[in-house]
Every structure is written in C-alpha cells, then in structure tokens.
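If you want the building blocks of each chain, they are given just below.
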Amino acid sequence: METTFVMIKPDGVKRRIVGEIIHRLEKKGLEIVDIKLLNLSKELAEEHYSEHKGKEFFDQLIEYITSGPVIAMVVKGNNAIQAVRQLMGNTDPIKAAPGTIRGDYGLTIRENLVHGSDSLESSKREISLFFNKNL
Ligand code: CMP
C-alpha cells in the first residue's frame, strides 16, 4: 500500500467541487486516511512549492494558493501516487484529457484545482509538512 498527499486548491473549494473530487478518488478505490481544511500561510505555501522558487510563475502561484481555504488529504491505496495523478490529468487543464478532474473542470494552468504528490519522496515530504507525520 502506498500513501500520497492530495490537496484540493482554493478554486476547487470556492467552486464547491470538493465532494466531486473526493467521490472520484473513492470510486477509484482509494481511501482517505486523513483530511483537513486549512488556510495556507505564506511560509507553508513557499515551503510546499519550494522546487518552483525562482520560476516566473512562483509569486502568482503563492498568491493563488493562499487566496482561500484548501482541503489537505492523505490518500492510501495500491499505487496511490500514480492513481491520483491519472485521475487529476495533465498539469495544464487544456492538455488534460476529458474524464480527468482537470480535463473536466479546469481552464488555466495555475488554477488547476488539485495537487497530488509526484513521487514517493514528495509524498513523504508533503505529508509531514501538512500533517506532521512520518510515513
Ligand atoms: P501543481 O501540480 O500543484 O504544481 C505546481 C503548480 O504550479 C501547478 O500545479 C500549477 O498550479 C502551477 N503552475 C505550473 N506551471 C505553471 C505555469 N506555467 N504558469 C502558472 N502556474 C503554473
């Protein structure tokens, strides 16, 4: 079993599609093992996205991700990291296939509704950052 970190971003919460996104994760067979709603501090946002520091979209990304509450989750299942990434679709919603969360609900690369860890290392780092757990 693998665990991964999933975050429903402020646009997903504002647009009331939290239930839809969780429904898709659960329909796939994934289990929500921890969940909370929180407002990201600038510090937590910058730490979470530290790999993008210095990129031209970084400041706007931090502004967006701190613009309202997010839902942070620990999600468990067989190949959970890859399963979540398939359900989310391409980072750019315009390139994401219909049937994926971003393909069905998104239009712009920044406001792409949902984040999922991209590797085992990232999932461990992100889970401990948001939930103070070492998995
Ligand atoms: P995420 O998968 O959470 O990882 C980094 C985030 O930065 C990404 O989703 C988008 O929200 C945002 N992002 C990535 N590329 C760009 C870009 N070219 N312009 C604006 N935002 C971006």
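You'll find the structure just up there.
Model, not experiment: these values are computed from the prediction.

**Q** Explanation requested: the site of the ligand in the structure shown.
**A** In the region of the ligand, the neighbouring residues are K9, Y49, H52, F57, L61, T91, R102, I109, R110, N112 and H115. Interatomic distance of 2.7 Å between a side-chain N/O atom of K9 and an oxygen atom of the ligand. Measuring from an oxygen atom of the ligand, one finds a side-chain N or O atom of N112 at 3.1 Å. A breakdown of the residues in the shell around the ligand according to their chemical character gives four nonpolar, four polar and three charged.

**Q** Looking at this model, I keep getting lost on the pattern of salt bridges. Mind explaining?
**A** Side chains bearing opposite charge may pair, as long as their charged atoms lie close to each other. Counted according to the given criterion, the structure contains four salt bridges. Of the charged contacts in the structure, one is a salt bridge between R125 and E47, with a shortest N-O distance of 3.7 Å. Of this pair, R125 sits in helix α7 (residues 120-131) while E47 sits in helix α3 (residues 42-48), and the two are 78 residues apart along the sequence. For R125, a relative accessible area of 30% puts it in the partly exposed group. One salt-bridge network, held together by shared partners, links E20, R24 and D104.

**Q** Would you explain helix α5 (residues 80-88) in this entry?
**A** Turning to α5, its buried residues are A80, I81, A83, V84, L87 and M88. An end-on view of α5 places all buried positions within 165° of arc, on one side of the element. In this structure, the buried residues of α5 make contact with β1 (2-8), α2 (18-28), β3 (70-77), α6 (101-105), β4 (114-116) and α7. Where α5 terminates, the next one or two residues include G89, which has phi positive at roughly 85°.

**Q** What is the right way to look at the sheet that holds β3 in this model?
**A** Strand pairs in the sheet, formed through backbone hydrogen bonds, run parallel or antiparallel to each other. Ordered in space as β2-β3-β1-β4, the four strands form an open sheet in which the pairing is antiparallel. Strands at the two margins of the open sheet, each flanked by one partner only, are β2 (31-38) and β4. Here the average twist between neighbouring strands, direction ignored, is 20°. Here three bridges tie β1 to β4, and the two strands are oriented antiparallel to one another. If you follow V6 over to β4, its bridge partner there is G116.

About the criteria used
- Residues numbered from 1 in each chain as written.
- Predicted model: local features only at pLDDT ≥ 70, side-chain atom pairs only at ≥ 80, totals over all residues.
- Heavy atoms only, no water.
- Near = heavy atom within 4 Å.
- Polar contact = N/O pair within 3.5 Å; in protein donor to acceptor, adjacent residues only side chain to side chain.
- Nonpolar A, V, L, I, M, F, W, Y, C, P; charged D, E, K, R; others polar.
- Salt bridge = Lys/Arg side-chain N within 4 Å of Asp/Glu carboxyl O.
- Helix = DSSP H or I, 4+ residues; strand = E, 2+ residues; numbered from the N terminus.
- Buried < 20%, exposed > 50% of the residue type's maximum accessible area, 1.4 Å probe, protein only.
- Arc of directions from axis to C-beta.
- Contact = heavy atoms within 4.5 Å.
- Pairing = 2+ DSSP bridges.
- Axes fitted to C-alpha atoms, helices over the stretch in contact; angles between N-to-C directions.

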